[in-house]
Number of protein chains: 4
Amino acid sequence: MGSIFGDLFRVATFGESHGSAIGCIIDGCPAGLALDVQDFAADMARRAPGNSPYASKRKEPDEVEILSGTFGGVTTGAPIALVIYNRDQRPEDYDNLARVFRPGHGDYTYTAKYSIRDHRGGGRASGRETAARVAAGAVAKKILTELGVTVAARALPMDYADLEECMAAGDSMGSVVEGKISGLAAGIGEPVFDKLSADLAKALMSIGGATGIEFGVGFAAANRRGSENNDGFSWKDGKIYKTSNNAGGIMAGISDGDKICFKLAFKPPSSIALPQSTANMDGDNVEISIKGRHDAVIAPRACVVAEAMAAIVLVNHIFRSLTDTMHQVKKAYKKGLPHQR
Amino acid sequence: MGSIFGDLFRVATFGESHGSAIGCIIDGCPAGLALDVQDFAADMARRAPGNSPYASKRKEPDEVEILSGTFGGVTTGAPIALVIYNRDQRPEDYDNLARVFRPGHGDYTYTAKYSIRDHRGGGRASGRETAARVAAGAVAKKILTELGVTVAARALPMDYADLEECMAAGDSMGSVVEGKISGLAAGIGEPVFDKLSADLAKALMSIGGATGIEFGVGFAAANRRGSENNDGFSWKDGKIYKTSNNAGGIMAGISDGDKICFKLAFKPPSSIALPQSTANMDGDNVEISIKGRHDAVIAPRACVVAEAMAAIVLVNHIFRSLTDTMHQVKKAYKKGLPHQR
Amino acid sequence: MGSIFGDLFRVATFGESHGSAIGCIIDGCPAGLALDVQDFAADMARRAPGNSPYASKRKEPDEVEILSGTFGGVTTGAPIALVIYNRDQRPEDYDNLARVFRPGHGDYTYTAKYSIRDHRGGGRASGRETAARVAAGAVAKKILTELGVTVAARALPMDYADLEECMAAGDSMGSVVEGKISGLAAGIGEPVFDKLSADLAKALMSIGGATGIEFGVGFAAANRRGSENNDGFSWKDGKIYKTSNNAGGIMAGISDGDKICFKLAFKPPSSIALPQSTANMDGDNVEISIKGRHDAVIAPRACVVAEAMAAIVLVNHIFRSLTDTMHQVKKAYKKGLPHQR
Amino acid sequence: MGSIFGDLFRVATFGESHGSAIGCIIDGCPAGLALDVQDFAADMARRAPGNSPYASKRKEPDEVEILSGTFGGVTTGAPIALVIYNRDQRPEDYDNLARVFRPGHGDYTYTAKYSIRDHRGGGRASGRETAARVAAGAVAKKILTELGVTVAARALPMDYADLEECMAAGDSMGSVVEGKISGLAAGIGEPVFDKLSADLAKALMSIGGATGIEFGVGFAAANRRGSENNDGFSWKDGKIYKTSNNAGGIMAGISDGDKICFKLAFKPPSSIALPQSTANMDGDNVEISIKGRHDAVIAPRACVVAEAMAAIVLVNHIFRSLTDTMHQVKKAYKKGLPHQR
């Protein structure tokens with residue numbers, strides 16, 4: 001299981017869709033960051049189901065409890081444990097699917113991997129897992145705010161009439177999240193393997209249902225010429241500017257100070273009410289119709305998850321960048337006791 | 001610097017475009033793999049410039065020397081050091097660009113990051129760096145071959161008339177690499193963060209010039225319905241099959257036993273002979289024309305680099321999968337001395 | 001903060017002495033291991049205070065709850081979250097020490113590091129933190145049991161009359177834990193840096209109050225000659241044996257199949273009732289006497305913590321050893337779906 | 001194989017005793033550090049054999065070549081590859097030992113682990129491997145020098161008459177290295193697992209032949225009382241001082257600003273000329289006498305290796321400490337291009 005993410009600001013998550021709780025431990029949050037349970041509310045609400053006509057009707061208040069790592073409303077440097085109790089779990093909803101390999105789901109691959117199957121709502125392969133990501137992301141965003149960095153994602157507009165027709169038919173739709181990162185200094189990213197684009201790609205592609213990622217003009221660059229695609233530079237009033245941003249804010253894997261732009265494609269949710277043919281674990285071919293509380297489209301709720309993952313990557317990379325030069329190291333290396341007079 | 005990749009099969013690379021050598025250390029290659037210098041020749045030749053009308057005319061024999069880790073033509077379990085001496089470096093070719101921020105290059109971002117600039121051919125931000133990846137990838141592929149896994153990538157066909165016209169004009173073209181992985185068992189990949197798709201995305205997006213990655217139907221899934229996109233299962237003659245492969249061989253981040261398919265977009269190479277406006281480090285706006293030995297398109301030479309990175313990811317993930325179940329652990333845990341009678 | 005331990009079997013811990021809970025997430029436990037809350041009881045009881053005349057009188061039932069990672073009493077491969085609620089926290093006990101740097105404590109160094117101080121019982125620098133280690137260690141031990149490996153530690157005998165006199169005087173005593181690992185195959189350990197001895201040393205020295213570690217004859221080897229100290233080999237009845245075990249079961253950083261023996265020294269607990277001179281955060285020199293519920297000696301309760309840390313190291317190293325040879329890799333690599341017929 | 005050490009300042013080493021070269025890649029050295037081949041000479045000479053009457057007569061000039069990572073005598077942030085060619089390898093010296101398990105050596109355990117044996121001088125399990133550590137340590141020490149931190153180790157005095165008698169008899173002696181670290185700020189170390197003491201213990205115990213490590217009073221603390229052992233604090237002239245240093249400069253795993261003191265025990269070298277009984281790989285019990293060029297005692301040449309390992313740990317921990325507080329992060333986070341006017 002690869003449920004730990006990051007190197008300096010590390011997030012370990014746990015929890016299944018229909019277990020008793022989900023949550024995470026954040027190891028590496030600097031001391032001195034104001035943090036209390038209110039800081040999670042807005043993002044948790046954006047992720048929560050039940051807030052959109054196109055989302056699952058599962059009702060989860062998704063209140064984050066802080067079990068450790070703060071004292072007097074401020075982080076202490078100790079690991080921050082966050083827990084969200086599952087209040088509306090209904091594992092029995094899934095009993096009839098316990099031995100079926102649902103089309104497009106992880107049922108088959110999890111069984112192949114672990115030789116055991118937790119059929120309760122997909123277990124770990126459930127969108128519910130992203131609640132822990134969003135909670136951790138809220139802490140990462142607070143750090144970024146202190147550094148003047150903003151992460152914002154939205155679902156690309158889609159045809160809502162089509163979407164409603166599709167839902168009415170018991171079907172689901174694919175979608176795209178568009179993200180923008182503003183205010184990041186130039187110089188963030190670690191070539192040659194841990195390029196900022198590469199690490200953002202990993203983080204974003206780890207979100208359930210993601211099928212593709214691109215930066216800047218992305219796949220369209222494949223049909224462009226260099227003369228048209230190259231981002232040049234220009235001095236004006238003693239400041240240097242980029243004259244275009246086709247690269248989407250990352251050059252040679254390192255941020256260039258410009259806005260970072262990405263698009264993240266999502267497949268249509270695989271749980272649909274329409275009848276589907278598939279196989280079960282007993283050697284039979286069966287027809288199933290997946291009832292219950294499922295999203296018709298991923299992007300609207302996944303925006304905040306994408307923001308969270310991007311924010312965690314950015315904090316990690318900003319922290320790594322503090323040792324880029326001897327000059328920075330000397331500046332940040334703290335000598336002596338702060339309270340010493 | 002993020003120049004170490006992998007966790008169980010780890011590759012540390014070094015070397016600048018116009019330094020004395022490039023190479024890598026592989027830590028974690030199992031003992032008992034036949035390996036000698038011939039094993040690198042074919043892939044190094046595919047990557048080498050000078051073999052295509054559309055590639056740099058730089059001549060590098062790119063002979064890999066093995067400095068450690070084998071004995072009698074077989075790996076011993078010790079780290080494998082591979083070195084490739086740069087025979088045709090011409091750092092002086094770059095003297096006139098020493099203080100210019102070339103459009104689309106890493107000149108600006110490397111300078112922002114490190115406050116120092118190795119202008120000799122882009123230093124670490126050069127395609128030459130990929131020779132070390134290909135050398136390491138050749139070892140990874142040998143392991144995969146023993147396990148029945150194949151990685152193959154090719155450049156998507158393009159209009160060669162257009163490309164020749166573009167080169168004649170001193171310009172460059174974007175391109176796409178298409179990759180396929182065959183023979184991989186179901187069950188490889190580590191949710192929730194280290195999904196196989198996520199780690200492949202990172203590895204492939206870390207190749208210089210990559211602008212986007214997608215798996216299976218990829219971005220097209222954003223315009224599909226679930227009923228059309230879901231991959232179902234079917235039993236036939238006592239065996240289970242997938243009835244489609246829209247997901248591209250990875251479901252919920254874990255391989256499903258089917259062919260893994262990805263597309264990787266590359267921007268046009270940024271070094272072009274056409275005049276371009278840009279800025280230098282002295283506060284001036286200048287016009288430059290980049291002479292020298294440069295590729296007109298990335299994909300043809302990048303195929304083998306993509307194969308290498310995918311192969312390294314696969315070896316890492318296969319190794320991680322060996323502890324998926326207690327049953328596997330018991331089977332592989334070796335008791336006693338092999339030579340004990 | 002370095003609160004994550006291990007690479008393949010990873011443990012992330014959280015929790016302060018007088019916060020609401022402590023616990024951990026285990027990422028990388030294989031699927032198929034029987035595990036329920038009873039499996040923690042014996043070890044938690046050994047660690048718990050209140051069971052010895054020489055230990056703190058703090059009463060903690062230390063019941064472990066499993067929040068995730070099992071289904072039907074068996075691990076699923078998903079991360080295992082374990083939580084222990086602090087029932088007898090009394091943060092107010094420490095209010096009078098809030099600004100004092102207690103002798104021998106982490107008060108000063110934590111303040112120097114984080115510029116903030118969680119004075120409630122030492123926060124993260126408290127023996128209470130080890131409860132999470134013991135919980136994680138219980139899972140590691142279950143894995144080892146399946147592989148025939150046993151870890152056992154005990155406090156070296158001390159003079160109990162002396163100890164009682166020392167306690168009566170409001171003082172504390174140093175101590176030594178002796179550990180033995182039996183049944184481990186030869187071949188475990190990863191030179192040159194991750195030697196089994198080196199990783200055990202790190203794990204054991206990370207326990208609060210540890211001041212030294214040695215393997216086999218340890219420091220006494222410094223006064224020995226090679227002819228006396230070398231462990232030789234001998235064949236008998238077609239089996240190979242070591243003729244001595246001065247090295248303590250590890251040669252060149254790799255287990256040799258013999259019993260692994262270590263000794264771990266602990267300083268006397270720093271919290272003592274005897275008056276001590278020290279400084280506070282306000283620039284004053286003060287005299288303090290530390291009341292409350294404290295241990296007079298560390299080793300008796302630390303035995304089970306040492307076992308836990310050793311067990312976690314062993315599981316990690318056994319898992320890493322599964323890729324020592326191509327032969328092992330091929331044997332453990334699982335092809336196809338287990339349920340496929 | 002565990003041949004990569006560190007997290008932010010990472011060192012990957014390679015090379016066998018009698019292969020063509022040994023060396024390392026350093027990934028994570030900040031840009032802007034002056035570095036050329038002269039910087040390695042003094043430490044390499046201290047490690048080199050042939051400089052002491054008690055050391056191997058093997059002659060190795062041990063000249064370090066820099067293959068990458070510097071430009072104009074200054075580090076660029078790119079990985080630094082260092083290589084030392086083996087000039088005096090004589091693998092044939094070992095042919096008669098090719099199938100013998102030498103007492104006290106890694107012959108047996110390496111064979112058990114890898115099912116293959118590189119008998120040429122012990123392959124990777126040779127003191128020669130430490131040359132790469134010393135080379136990497138020289139870079140770490142240069143960084144420490146810039147930060148005012150000094151690492152110094154020496155062999156504890158021994159009875160040289162005894163030692164000469166022992167050598168004359170074809171035997172070897174155990175020894176102890178004593179190390180001191182000066183000038184390190186308070187606040188370095190990452191509880192609860194990556195305590196400074198724990199990470200130093202791992203690093204130092206990974207040196208071949210190490211059998212035990214202790215900090216401050218070490219094992220003697222086991223026989224002390226708290227009232228005697230606790231290090232208190234005192235204000236004088238507006239500055240805070242420790243009133244003793246029994247802990248050896250590390251409290252609760254974090255440096256306290258005082259001198260860090262450790263002792264590292266080494267066994268007697270296992271290669272001795274005296275006849276020894278042991279087993280070979282063919283089922284025979286044999287008597288051997290190990291001729292050739294071997295050290296009679298480890299500590300004198302291991303001092304500089306201990307310094308190197310300690311220095312690498314310190315650089316890693318200092319780098320990690322730069323994100324201890326939000327205040328530090330803000331100070332070190334570099335906005336904008338340095339050359340921007």
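Per chain, residues are indexed from 1 in the order of the written sequence. The order in which chains are written sets their letters, starting at A; the order in which ligands are written sets their numbers, starting at 1. A pLDDT threshold of at least 70 governs which residues receive local features in this predicted model, and a stricter bar of 80 or more applies before side-chain atom pairs are shown or counted, although totals over entire chains, interfaces and linings include all residues. Excluding hydrogens and water, the side-chain values take into account all heavy atoms of the structure.

Another aspect to go through is helix 5 (residues 196-205) of chain D. Exposure is judged per residue with a 1.4 Å probe applied to protein chains only, and the accessible area is read against the type maximum: over 50% gives exposed, under 20% gives buried, and values in between give partly exposed. Strands here mean DSSP runs of E at least two residues long; helices mean DSSP runs of H or I at least four residues long; both are numbered from the N terminus. Summarising burial for helix 5 of chain D: 10 of the 10 residues are buried, a large majority. For helix 5 of chain D, the full list of buried residues reads Leu196, Ser197, Ala198, Asp199, Leu200, Ala201, Lys202, Ala203, Leu204 and Met205 of chain D.

Once that is clear, we can look at helix 3 (residues 130-146) of chain A. Residue and element names in this part refer to chain A. An expected span of 1.5 Å times one less than the residue number is assigned to each helix. With 17 residues, helix 3 should reach 24 Å at 1.5 Å per residue; the first-to-last C-alpha distance of 24 Å fits that figure. When you tally the buried positions in helix 3, you get 14 out of 17 residues, the bulk of the element. Downstream of helix 3 by a residue or two, Gly148 has a phi angle that is positive, lying close to 80°.

What follows deals with the relation of the copies chain C and chain A. Mapping chain C onto chain A is achieved by rotating through 180° and translating by 0.0 Å along the same axis, at an RMSD of 0.0 Å. What the superposition gives is, in effect, a two-fold axis relating one chain to the other. For chain C, the residue whose C-alpha comes nearest the rotation axis is Ala12 of chain C, separated from it by 3.6 Å. Interface overlap between copies is the fraction of interface residues in one copy that are interface residues in the other; for chain C against chain A it reaches 100%, indicating a shared surface. When the copies are overlaid, the least-squares fit takes in C-alpha atoms only where the residue has pLDDT of at least 70 in both copies. Throughout, a contact is declared for two residues whenever any of their heavy atoms are within 4.5 Å.

Right, let's get into the relation of the copies chain A and chain B. Here chain A sits on chain B after a turn of 180° about the axis and a move of 0.0 Å along it, with an RMSD of 0.0 Å. Comparing contact sets, 100% of the residues at the interface of chain A also lie at the interface in chain B, consistent with an isologous, same-surface contact.

Let's shift gears to the side chain of Ser3 of chain D. For Ser3 of chain D, the position within the fold is in the segment before strand 1 (4-5). In terms of polar contacts, Ser3 of chain D uses its side chain to reach the side chain of Arg124 of chain D, at 3.2 Å. Setting aside residues up to four positions removed in sequence, Ser3 of chain D forms contacts with Arg10, Asp27 and Pro79 of chain B, Pro191, Val192 and Phe193 of chain C together with Val11, Ala12, Thr13 and Arg124 of chain D. N or O atoms closer than or at 3.5 Å make up a polar contact, with two conditions inside protein: a donor-capable atom paired with an acceptor-capable one, and, for residues adjacent in sequence, both atoms drawn from side chains.

Residue and element names in this part refer to chain B. Direction vectors running N to C along helix 1 (residues 38-47) and helix 3 (residues 130-146) enclose 140°, while the axes themselves pass 9 Å from each other. As judged from the angle between their axes, helix 1 and helix 3 are oblique. The two elements helix 1 and helix 3 cross, and the hand of that crossing is right-handed. Residues Asp39, Phe40, Asp43, Met44, Arg46 and Arg47 of helix 1 touch helix 3, and the partners they reach there are Thr130, Ala131, Val134, Ala135, Ala138, Val139, Lys141 and Lys142. In the contact of helix 1 with helix 3, the residues fall into 7 nonpolar, 1 polar and 6 charged. Geometry is summarised by axes, namely lines fitted to C-alpha atoms with helices restricted to the contacting stretch, and by angles between N-to-C directions that run from 0 to 180 degrees. Angle categories: roughly parallel below 35 degrees, roughly antiparallel above 145, roughly perpendicular from 65 to 115, and oblique for all the rest. Take the far helix as the reference: if the near one is turned anticlockwise from it by less than a right angle, the crossing is left-handed, and if turned clockwise, right-handed. Only Asp, Glu, Lys and Arg are considered charged, only Ala, Val, Leu, Ile, Met, Phe, Trp, Tyr, Cys and Pro nonpolar, and every remaining residue, Gly among them, polar.

Glancing now at the packing of aromatic side chains. To describe a pair of aromatic rings, you give the distance between the ring centres and the angle between the ring planes. Pairing of aromatic rings covers Phe, Tyr and Trp, the last counted by its six-membered ring, and requires centre-to-centre distances within 6.5 Å; plane angles under 30 degrees mean stacked, over 60 mean edge-to-face, and any other angle means tilted. Applying the stated rule across the entire model yields 26 aromatic pairs over all chains. For the pair Phe233 of chain A and Tyr108 of chain B, a centre-to-centre distance of 4.7 Å together with 25° between the ring planes defines the contact as stacked. Remark: Tyr108 of chain B occurs in helix 2 (residues 107-114) and Phe233 of chain A occurs in strand 11 (residues 233-236); the pair is interchain, linking two chains. A relative accessible area of 2% means that Phe233 of chain A is categorised as buried. For Tyr108 of chain B, a relative accessible area of 5% puts it in the buried group. By the ring-pair criterion, three or more aromatic residues cluster together here, those being Phe101 and Tyr108 of chain A together with Phe233 of chain B. Positioned above the aromatic ring of Tyr114 of chain C, the side-chain terminus of Lys113 of chain C is 5.6 Å from the ring centre. Over a ring means this: the NZ of a Lys or the CZ of an Arg is within 6 Å of the ring centre and within 35 degrees of the ring normal.

Residue and element names in this part refer to chain A. Take Leu200: it is sitting in helix 5 (residues 196-205). Each C-alpha atom of the pair Leu200 and Gly179 lies 11 Å from the other, and the pair is 21 residues apart in sequence. For Leu200, the contacting residues outside a window of four places in its chain are Ile181, Phe215, Ile250, Ile260, Ala310 and Val313.

Let's shift gears to the interface of chain C and chain A. The partner chain A presents 53 residues to the 53 residues of chain C that form the contact. A buried area of about 4,100 Å², summed over both sides, lies between chain C and chain A, and 63% of it is on carbon and sulfur atoms. The rule for a salt bridge is simple: a side-chain nitrogen of Lys or Arg has to be within 4 Å of a carboxyl oxygen of Asp or Glu. Where chain C meets chain A, there are 0 salt bridges. Put simply, chain C and chain A have 5 residue pairs in polar contact (both at pLDDT 80 or more) between them. Counting residues per element, the ones that place at least two in the side of chain C that touches chain A are strand 2 (10-14), strand 3 (21-27), strand 5 (70-71), strand 6 (74-75), strand 7 (80-85) and helix 2 (107-114) of chain C. Here the side of chain C that touches chain A is built from residues that sort into 24 nonpolar, 18 polar and 11 charged. By buried area we mean how much accessible surface two parts lose on assembly, using a 1.4 Å probe and totalling the loss over both.

So, on to the confidence of the model for chain A. Scored by pLDDT, chain A has a mean of 93; 95% of the residues are at 70 or more. For this predicted complex, the interface confidence score (ipTM) comes to 0.96, while the overall pTM stands at 0.97. The predictor rates its confidence in each residue with pLDDT, a number between 0 and 100.

One open sheet accounts for 8 strands, arranged 8(C)-9(C)-15(C)-10(C)-10(D)-15(D)-9(D)-8(D); its pairing is antiparallel. At either margin of the open sheet sits one strand with a lone partner, and together these are strand 8 (150-155) of chain C together with strand 8 (150-155) of chain D. Mean inter-strand twist for the sheet, computed between neighbouring axes without regard to direction, equals 15°. Two strands pair under a simple rule: DSSP has to find at least two bridges between them. In this structure, strand 8 of chain D lies alongside strand 9 (residues 175-182) of chain D, joined through 6 bridges in antiparallel fashion. In the sheet register, Ala152 of chain D faces strand 9 of chain D, and the bridge partner there is Lys180 of chain D. Relative to strand 8 of chain D, helix 7 (residues 299-321) of chain D is tilted by about 155°, and along the sheet it contacts strand 8, strand 9 and strand 15 (260-266) of chain D.

A word on the pairing of strand 12 (residues 239-242) of chain A. Each regular strand carries side chains that alternate between the two faces of the sheet. Residue and element names in this part refer to chain A. What you see with strand 12 is a clean split: Ile240 and Lys242 sit on the buried side and Lys239 and Tyr241 on the side with no burial. Here 4 bridges tie strand 11 to strand 12, and the two strands are oriented antiparallel to one another. Residue pairing across strands places Ser234 opposite Tyr241, the latter belonging to strand 12.

To form a nonpolar core, buried Ala, Val, Leu, Ile, Met, Phe, Trp, Tyr and Cys residues must be joined to one another through side-chain atoms within 4.5 Å. Formed by 299 residues in total, the largest nonpolar core has its most connected members in Phe9 of chain A, Phe9 of chain B, Phe9 of chain C together with Phe9 of chain D. Among all residues touching Phe9 of chain B, those that are not within four sequence positions of it are Ile26, Asp27, Gly28, Cys29, Ala136, Val139, Ala140, Ile143, Ile312, Val315, Asn316 and Phe319 of chain B.

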